[in-house]
Amino acid sequence: MIVGLLLALGAAVTTGVASVLQALAAHRAPAAHGGSISRLVAAPLYLGGVALDGVGFACIVVALHWLPLFLVQCAAASSVGVTAIVGRRVLGSHLGRRELVALIGLGVGLVLLASGAKAEAATAVSHRAQWLLVVAAIPVIGIGAVALRRPGARAGGALASIAGLAFAGTGVASRVLSNTHSVHEIVAAPACYALIVFGIGGMVFFAAALQRTVVTIATAALFGVETLAASAVGLLALGDTTRPGFVVPAALGFVVTLGCAVLLALTEGQRDVATEGQRDVATEGEGAPGST
């Protein structure tokens, strides 16, 4: 269990640092490359962030071999706390009182979750049952495709929630695949194809959500739906359980961790929007007639 916990926390660290690297690349892109998206995704900082995201995902997949989904998903959501700490250090800003309280809450919640989680392998799922996971991806992708055609902030919130469902599907598929022991078994498992479909869909829908609504709403909706949906499936279908007598501490830890992660996402997003607004005003002022 200790190895699984270290891997889950490692995923939070790598994903949190990845977000900072990608944010730095995005901030530098307008001045250095005229805001080109193609050049942004080819920037070394951005690619470094993508690489760290890959390491984080690998840590999550391995951690799910021992730990229940509700613990791993909450640990992954806590990456926003790492982003807050590292981002404030790197970008030169400071943590407010609300963020400090949320960071402490993240730590307390994760401790409660870890104390109540029962380390065990997921319940074996037959190939026939795994095909149900593939089938479940069809309505998620279909509804997301419909939402993609609609503009506006409301569609953005819907797309973020659908992305949360898709990423919850990747978590469930990863937990199912944690019982496989070879590359051949992974390729032959229907859950592998569900993982691919859910993963691609989640990335597309979340990117579209960010184009339609503010990052605060998109990130909060993503964390909330992904963590709740994946955890529910794990508890109901994959044999995830708590230690005897630790249901209440685990439930409390789940609520506190998820709530603090969403609070941090909202706070970080509000500050990023404010920073972008100040940057735009400064840019317009520099370009105005008579400016120096």
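Residues numbered from 1 in each chain as written. Predicted model: local features only at pLDDT ≥ 70, side-chain atom pairs only at ≥ 80, totals over all residues. Heavy atoms only, no water.

Colleague: For this particular structure, what's the right way to read the overall build of the chain?
Modeller: Summing up its helical and strand segments, the chain has twelve helices and zero strands in all. Counting helices and strands in the order they occur from the N terminus, the chain gives α-α-α-α-α-α-α-α-α-α-α-α. Counting across all 292 residues of the chain, residues that qualify as buried make up 42%. Restricting to contacts in the chain with at least 6 residues of sequence separation, those with at least 24 account for 84%. Summed over its atoms, the accessible surface of the chain is roughly 14,500 Å², and 71% of this surface lies on carbon and sulfur atoms. (Helix = DSSP H or I, 4+ residues; strand = E, 2+ residues; numbered from the N terminus. Buried < 20%, exposed > 50% of the residue type's maximum accessible area, 1.4 Å probe, protein only. Contact = heavy atoms within 4.5 Å. Areas by Shrake-Rupley, 256 points an atom, 1.4 Å probe, with all protein chains shown as cover.)

Colleague: When you look at the packing of helix α7 (residues 127–148) against helix α8 (residues 153–177) in this model, what are you seeing that I'm missing?
Modeller: When two helices pack together, their arrangement is given by the angle between the helix axes and by the axis-to-axis distance. One way to put it is that α7 packs onto α8 with a least axis distance of 10 Å and a crossing angle of 165°. Here α8 runs roughly antiparallel to α7, going by the angle between their axes. Handedness of the α7/α8 crossing: left-handed. Contacts from Gln130, Leu133, Val140, Ile143, Gly144, Ala147 and Leu148 in α7 reach Ala155, Leu159, Ile162, Leu165, Ala166, Val172, Ala173 and Val176 in α8. Class assignment for the residues of the contact of α7 with α8 results in 13 nonpolar, two polar and no charged. (Axes fitted to C-alpha atoms, helices over the stretch in contact; angles between N-to-C directions. Parallel < 35°, antiparallel > 145°, perpendicular 65-115°, else oblique. Left-handed = near helix turned anticlockwise from the far one by under 90°. Nonpolar A, V, L, I, M, F, W, Y, C, P; charged D, E, K, R; others polar.)

Colleague: Could you clarify how one ought to interpret the packing of aromatic side chains in this entry?
Modeller: Geometry of an aromatic ring pair is reported as the spacing of the ring centres plus the angle between the planes. All told, the structure shown has zero aromatic pairs when counted by the stated rule. Over the aromatic face of Phe246 sits the side chain of Arg243, whose NZ or CZ is 4.3 Å from the ring centroid. (Phe/Tyr/Trp six-rings, centres within 6.5 Å; stacked < 30°, edge-to-face > 60°. Lys NZ or Arg CZ within 6 Å of the ring centre and 35° of its normal.)

Colleague: Teacher, can you tell me more about the nonpolar core here?
Modeller: Note on soluble globular proteins: their nonpolar side chains tend to be buried together. One finds Leu133, Phe198 and Leu264 to be the most contacted residues of the largest nonpolar core, which totals 62 residues. At eleven residues, α8 tops the list of elements feeding residues into this core. For Phe198, the residues in contact, after removing those within four places along its chain, are Leu133, Ala136, Ala137, Val140, Ala166, Gly169 and Thr170. (Core = buried A, V, L, I, M, F, W, Y, C linked by side-chain atoms within 4.5 Å.)

Colleague: Help me understand helix α3 (residues 44–63), please; the structure alone is not making it clear to me.
Modeller: At 3.6 residues per turn, the α-helix brings residues three or four places apart onto the same side. Compared with the 28 Å implied by 1.5 Å per residue over 20 residues, the 28 Å span of α3 between its first and last C-alpha is a close match. When α3 is considered as a whole, its buried residues turn out to be Gly49, Gly56, Cys59, Ile60 and Ala63. Looking straight down α3, one finds its buried side chains confined to an arc of 100°; they lie on one side. (Expected span 1.5 Å × (residues − 1). Arc of directions from axis to C-beta.)

Colleague: Help me understand the confidence of the model for the chain in this model?
Modeller: If pLDDT is low for a region, its predicted coordinates should not be looked at in detail. Per-residue confidence for the chain gives a mean pLDDT of 81, with 83% of residues at or over 70. No element of the chain has a lower mean pLDDT than helix α2 (residues 37–41), which averages 58, and none a higher one than α7, which averages 93. Here residues 275–284 scores under 50 on pLDDT; set against residues more than four positions off or in separate chains, the count is two contacts. (pLDDT = per-residue confidence, 0-100.)

Colleague: What is the right way to look at the packing of helix α4 (residues 69–77) against helix α6 (residues 97–116) in this model?
Modeller: Contact geometry for α4 and α6: axes closest at 10 Å, N-to-C directions at 160°. Relative to α6, the element α4 lies roughly antiparallel. Judged by the sense of rotation from one axis to the other, the crossing of α4 with α6 is left-handed. Across the interface between the two elements, Phe70, Leu71, Cys74 and Ala75 from α4 touch Leu110, Leu113 and Ala114 from α6. Residue composition of the contact of α4 with α6, by class: seven nonpolar, no polar and no charged.

Colleague: Where do I start with a nonpolar patch on the surface in this structure?
Modeller: A contiguous nonpolar patch, built from Val183, Ile186, Val187, Tyr193, Ile196, Ile200, Met203 and Val204 and spanning about 740 Å² of accessible area, is present on the exposed surface. For the nonpolar patch, the elements supplying multiple residues, two or more each, are α9 (183–188) and α10 (190–212). The leading source of residues in the nonpolar patch is α10, at five residues. Relative to the helices and strands, Val187 is located in helix α9. Taking relative accessible area as the criterion, Val187 reaches 45% and is therefore assigned partly exposed. (Patch = residues over 30% accessible without salt bridge, like charges linked within 9 Å, V, L, I, M, F, W, Y side chains within 5 Å. Salt bridge = Lys/Arg side-chain N within 4 Å of Asp/Glu carboxyl O.)

Colleague: Is there a simple way to think about the side chain of Ser231 in this case?
Modeller: Position of Ser231 among the secondary structure elements: in helix α11 (residues 215–237). Beyond its immediate chain neighbours, meaning those up to four positions away, Ser231 contacts Leu69, Phe70, Gln73 and Phe254.

Colleague: Explain the side chain of Ser78 to me, please; I cannot follow it from the model alone.
Modeller: With respect to the helices, strands and loops of the structure, Ser78 is situated in the loop between α4 and α5 (79–91). The exposure class assigned to Ser78 is buried, which follows from its relative accessible area of 7%. Those residues in contact with Ser78, other than ones at most four positions away along the chain, are Ala12, Leu106 and Leu110.

Colleague: I tried to follow the pattern of salt bridges on my own but got confused; where do I start?
Modeller: If charged atoms from side chains of opposite charge come close, those side chains can pair. Applying the stated rule across the entire model yields one salt bridge. A salt bridge links Arg175 to Asp240; its shortest N-O distance comes to 2.8 Å. In this pair, Arg175 is assigned in helix α8 and Asp240 in the loop between α11 and α12 (247–287), connecting sequence segments 65 residues apart. This pair shows no difference in class: Arg175 is buried, exactly as Asp240 is.

Colleague: Looking at this structure, how should I read the environment of Thr219?
Modeller: Here Thr219 shows up in helix α11. For the pair Thr219 and Gly157, spaced 62 residues apart in sequence, the C-alpha separation works out to 9.3 Å. In this view, Thr219 contacts Phe206 and Ala265; residues no more than four positions away in its chain are not counted.

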